[in-house]
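So the chains spell out like this:
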Amino acid sequence: MGELRLMKGNEAIAEAAIRAGVDAYYGYPITPQSEILEYLMQERPEERTGMVVLQAESEIASINMVYGAAGAGKMTMTSSSSPGMSLMQEGISYIAGAELPCLLVNVVRGGPGLGTIQPSQADYFQSTKGGGHGDYRLIVLAPSSVQEMSDFVKLGFELAFKYRNPALIQSDGAIGQMMEKVELFDQQPRLTMDQLYEKYGSWATLGHKRNDRRIITSLELESARQEQFNFKLQAKYKAISENEVRYESIMCDDADYIFVAYGTSARICQKSIQLGRAKGLKLGLLRPITLWPYPTAPLQELAKRVKGFLAVEMSAGQMVEDVRLAVGNQIKVEHYGRFGGMIPSPEEVLHVMEENIIKGTK
Amino acid sequence: MNIEDIIKPENLVFKKTGLLTEKPLSYCPGCGHGVAHRLVMEVIEEMGIEEKTIGIAPVGCSVLAYEFMNIDMQQAAHGRAPAVATGVKRVLPDHFVFTYQGDGDLAAIGTAETIHACNRGENITIIFINNGIYGMTGGQMAPTTLPGMRSSTSPYGRDVASMGHPLKMTELVAHLPGTCYVARHAVHTPANVTKTKKSIRKAFEYQRDKKGLSFVEIVSNCNSGWKMTPVDSNQWMEENMFPFYPLGVIKDIDAKTK
Amino acid sequence: MAKARGAIVVDKEKCKGCELCVVVCPTNVIRLAQEVNGKGYHFAYMEIPVACTGCTNCALVCPDSVITVYRLKQPVSEN
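Residues numbered from 1 in each chain as written. Chains lettered and ligands numbered in written order. Predicted model: local features only at pLDDT ≥ 70, side-chain atom pairs only at ≥ 80, totals over all residues. Heavy atoms only, no water.

Chemist: Please explain the interface of chain B and chain C as it appears in this structure.
Modeler: The accessible area lost on association of the parts is a frequent measure of interface size. The partner chain C presents 34 residues to the 34 residues of chain B that form the contact. Buried surface at the junction of chain B and chain C, summed over both partners, amounts to about 2,700 Å²; 67% is from carbon and sulfur atoms. Between chain B and chain C we count one salt bridge in total. Here Glu22 of chain B makes a salt bridge to Lys14 of chain C, at a shortest N to O gap of 3.2 Å. Inspection of the chain B/chain C interface yields ten residue pairs in polar contact (both at pLDDT 80 or more). For the side of chain B that touches chain C, the secondary-structure elements that each account for two or more residues are helix H1 (3–6), strand S1 (12–14), helix H2 (33–47), helix H9 (190–208) and helix H11 (230–244) of chain B. Tallied by class, residues from the side of chain B that touches chain C come to 19 nonpolar, eight polar and seven charged. In terms of strand pairing, S1 of chain B meets strand S4 (residues 67–71) of chain C through two bridges, oriented antiparallel. Within S4 of chain C, the position partnered with Phe14 of chain B by the bridge is Val69 of chain C. (Contact = heavy atoms within 4.5 Å. Buried area = accessible area lost by both parts, 1.4 Å probe. Salt bridge = Lys/Arg side-chain N within 4 Å of Asp/Glu carboxyl O. Polar contact = N/O pair within 3.5 Å; in protein donor to acceptor, adjacent residues only side chain to side chain. Helix = DSSP H or I, 4+ residues; strand = E, 2+ residues; numbered from the N terminus. Nonpolar A, V, L, I, M, F, W, Y, C, P; charged D, E, K, R; others polar. Pairing = 2+ DSSP bridges.)

Chemist: Please clarify how the side chain of Gln101 of chain B should be interpreted in this entry.
Modeler: All names here are of chain B. Inspection of the secondary structure puts Gln101 in strand S4 (residues 96–102). Owing to a relative accessible area of 0%, Gln101 belongs among the buried residues under this scheme. Within the structure, the side chain of Gln101 is placed 2.8 Å from the side chain of Thr99, a separation counted as a polar contact. (Buried < 20%, exposed > 50% of the residue type's maximum accessible area, 1.4 Å probe, protein only.)

Chemist: Teacher, can you tell me more about the interface of chain B and chain A here?
Modeler: Each partner contributes to the interface: chain B provides 37 residues, whereas chain A provides 36 residues. For the chain B and chain A pair, buried surface summed over both sides reaches about 2,900 Å², with 54% attributable to carbon and sulfur atoms. Counting across the interface, chain B meets chain A through five salt bridges. Between Arg80 of chain B and Glu90 of chain A there is a salt bridge, with the nearest N and O atoms lying 3.1 Å from each other. Seen at the junction of chain B and chain A, the total is 23 residue pairs in polar contact (both at pLDDT 80 or more). Going through the elements one at a time, helix H3 (65–68), strand S3 (72–75), helix H4 (81–91) and helix H6 (111–120) of chain B are the ones with two or more residues in the side of chain B that touches chain A. Sort the elements by how many residues they give to the side of chain B that touches chain A and H4 of chain B lands first, with seven residues. Taken together, the residues that form the side of chain B that touches chain A break down as 17 nonpolar, ten polar and ten charged. When strand S9 (residues 215–216) of chain A meets S3 of chain B, the two strands line up parallel, connected through two bridges.

Chemist: What should I look at first to understand the pattern of salt bridges in this one?
Modeler: Pairs can form between side chains of opposite charge whenever their charged atoms are close. Residues and elements named next belong to chain A. Following the criterion strictly, the structure yields 47 salt bridges over all chains and no others. The closest approach of N and O atoms between Glu244 and Lys162, which form a salt bridge, is 2.7 Å. Note that Glu244 is positioned in the loop between helix H10 (223–243) and strand S10 (247–250) and Lys162 in helix H7 (residues 146–163), a separation of 82 residues in sequence. Classification of Lys162 as exposed rests on a relative accessible area of 55%. Shared partners join several salt bridges into a network, and the residues in it are Glu3, Arg5, Glu15, Arg19, Glu43 and Arg48.

Chemist: Would you mind going over the packing of helix H4 (residues 59–71) of chain A against helix H5 (residues 82–97) of chain A with me for this structure?
Modeler: Packed helix pairs are specified by the crossing angle of their axes together with the interaxial distance, meaning the distance between the axes. Residues and elements named next belong to chain A. Where H4 meets H5, the axes come as close as 8 Å, and the angle between the chain directions of the two elements is 25 degrees. Between H4 and H5, the angle falls in the class roughly parallel. Crossing hand, H4 versus H5: right-handed. Residues Glu59, Ile60, Ser62, Ile63, Asn64, Val66 and Tyr67 of H4 form the contact with H5, whose participating residues are Gly84, Leu87, Met88, Glu90, Gly91, Ile92, Tyr94 and Ile95. Residue composition of the contact of H4 with H5, grouped by class: nine nonpolar, four polar and two charged. (Axes fitted to C-alpha atoms, helices over the stretch in contact; angles between N-to-C directions. Parallel < 35°, antiparallel > 145°, perpendicular 65-115°, else oblique. Left-handed = near helix turned anticlockwise from the far one by under 90°.)

Chemist: For this particular structure, what's the right way to read the pairing of strand S5 (residues 125–130) of chain B?
Modeler: It is a general feature of regular strands that their side chains alternate between the two faces of the sheet. All names here are of chain B. Here S5 lies mainly inside the structure; six of its six residues are buried. Here S5 shows two buried faces, one formed by Thr125, Ile127 and Ile129 and the other by Ile126, Phe128 and Asn130. Summarising the sheet, S4 and S5 pair through five bridges and their orientation is parallel. Residue pairing for S5: Phe98 is matched across the bridge by Thr125. The sheet contact formed by S5 and strand S9 (residues 213–219) spans six bridges and is parallel. Directly across from Thr125, in S9, lies its bridge partner Ser214.

Chemist: So what exactly am I meant to see when it comes to the sheet that holds S10 of chain A here?
Modeler: Pairing between the strands of a sheet is mediated by backbone hydrogen bonds and can be parallel or antiparallel. Residues and elements named next belong to chain A. Taking strand neighbours across the sheet as the criterion, the five strands line up as S10-S12-S11-S14-S15 in an open arrangement whose pairing is mixed. Every interior strand has two partners, whereas the edge strands, S10 and strand S15 (332–337), have only one. Taking each pair of neighbouring strands and ignoring which way they run, the sheet shows an average axis angle of 20 degrees. The pairing of strand S11 (residues 257–260) with strand S12 (residues 283–288) spans four bridges and is parallel. The partner of Val260 across the bridge, within S12, is Leu286. Here helix H14 (residues 346–361) sits on the sheet in contact with S11, S12, strand S14 (308–313) and S15, set at roughly 160 degrees to S15.

Chemist: For this particular structure, what's the right way to read the environment of Ser79 of chain A?
Modeler: All names here are of chain A. Looking at the secondary structure, you find Ser79 in strand S4 (residues 76–80). Residue Ser79 is classed as buried on the basis of its relative accessible area, which comes to 1%. Separated by 225 residues in the primary sequence, Ser79 and Lys304 place their C-alpha atoms 40 Å from one another. Excluding residues within four positions of it along the chain, Ser79 makes contact with Tyr25, Tyr26, Tyr28, Gln33, Ile36, Met88 and Val105. A polar contact of 2.6 Å, which involves the side chain of Ser79, links it to the side chain of Gln33.

Chemist: Would you mind going over the domain arrangement of chain A with me for this structure?
Modeler: Residues and elements named next belong to chain A. When the domains of chain A are assigned, the result is domain 1 (3–193) and domain 2 (248–361). Each of domain 1 and domain 2 has a C-alpha centre, and these two points are 27 Å apart. Tallying the contact residues gives 28 residues for domain 1 and 24 residues for domain 2. Together domain 1 and domain 2 conceal approximately 2,200 Å² of surface at their shared face, both sides included; 53% is due to carbon and sulfur atoms. As a salt-bridge pair, Arg287 and Glu148 come within 2.7 Å of each other at their nearest N and O atoms. The interface formed by domain 1 and domain 2 holds 17 residue pairs in polar contact (both at pLDDT 80 or more) in total. For the side of domain 1 that touches domain 2, the secondary structure elements donating two or more residues are helix H6 (124–128), strand S6 (139–141), H7, strand S7 (166–172) and helix H8 (173–177). Residues of the side of domain 1 that touches domain 2, tallied by class, amount to 14 nonpolar, eight polar and six charged. (Domains from an automatic or database assignment.)

Structure (structure tokens):
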């Protein structure tokens, strides 16, 4: 059993970063995720592991610092919240285009614009459908507990390096700020320079001899070659889609009606299931853990026998589009959302399930 | 004595460094980028640090610098090279990291990254090519375009009342405590080439000694953008650019004071 | 007449004919050729090789590093 601590979600991410052997964190303060940078500075990671922590002049600088360090094969991460993530989109597109591994964290707040500092899930499109320019994908992990905030730091880096692709932890202000018990994993050593050359020297700019050098770039002006590169990227994304879908299925085995929700919304839906089952309603929850790749197949399986889906999101209906893409028009799919930092109550969610889904499909 | 008797290995006094690749440079005839590339590579070769150096290429005419500089390179988004260099240098503190940027990249879209890297005193070297114009995109007005100077987006000359003033980034960063060496040079005459190379050498030596950020501006020509012959553009540069952007070492924290 | 003390070799296929070497040559050795290379540039060549001192001025300002310079170690006696 690892060390147990009571921590905020943001703190758990920071502690997990140090323990995962991360080489560098570059970030910029923004509510509600500033505890990540604060915790890292407080912990003196330069003494604990030699990890670099630097407060940049902007999110634009942060993400480009990540590009540089990731291009040197180092375990590198940054974190921000919605407006800051918008600023990072240019750099994220370059990182995806240069095929660099790194971990990004978005502790989502309400928008659009400056919006609010309260929790939201309205960045789903930005995270899973692009955000920046060009055809690229991020591996998107959605924690719904402080425990997963810690665990997904490790998982995110594993996936990022496995595919040389940026991974994103898409959390929200509620999970970032709430305190829960977390079991921390043991300290992992950082790679030595020799290990680094051996593992990533084939592509990373660690310094090489002339005529045998490494180039990190996303530029290819020749159209035919740029198209070939895009084919290669798409093949990688296909492999990720086939191998890395993660989800949790809660009480779906006998369920007639399914909530589809992630993060904070998934926690609320779990309570709604309890309330509904006490009334004799057979409710279940499909919780996507990877928002991309999306758990399309398990939803299609469920669609063969259940009577309806309710996608619950703290947004105007973003993830629900992926539910509809998965199950089509054969079955009732509705969305329920609150915005602007409002969090729905379990009772309110159950009520919508009863009124909008169950009544119409009995 | 026949020419054939002179052209022998033992008489060789100058040849292209092997730290430039065999690819023909993509720059226009007479463009100063080529000499600037060569000088940086010669310094790296002479210091014996090619296996410990990572260069950061910008966006602009020199976006393809990594095709010509025969060392590990990263290509950065427009203006972001100092941030990318910071990212690399912080995780490889004993390596040499330099950026190579034009005026649009460094002094307009990347002003924040430039100033803050300088102000943090990152142990990197910035090579700044200032030709007063956006060359790659077709000769538009740059932050460094001189008052009254014509460009495709200031076709009647830069009107400072509406278009703002040219920005002297080099003087600006010299004021910051994080910079250790700041100089402005040119590469259009043999004497200037020699001075520039000496400065670039010093910039890398200061980086080696972890003294802070070293910054070398090279005032250069853009004969295509200025619509002149290479020879005429160098003369125009002397007559118009140098009075506004005077050459010389602006800051050297190790300079002996008398 | 002075005897050549130096010589240059121009990689004429990579020369872009910018003429910068021509104007910095202190002994007016270099000219641009009437003919053109594969890219259509009038490349540089030694018009008056006997005047070359091997000073390297041309190579120092050549943007494309296409000039290699040779110079005799011992000065040639004039008599």
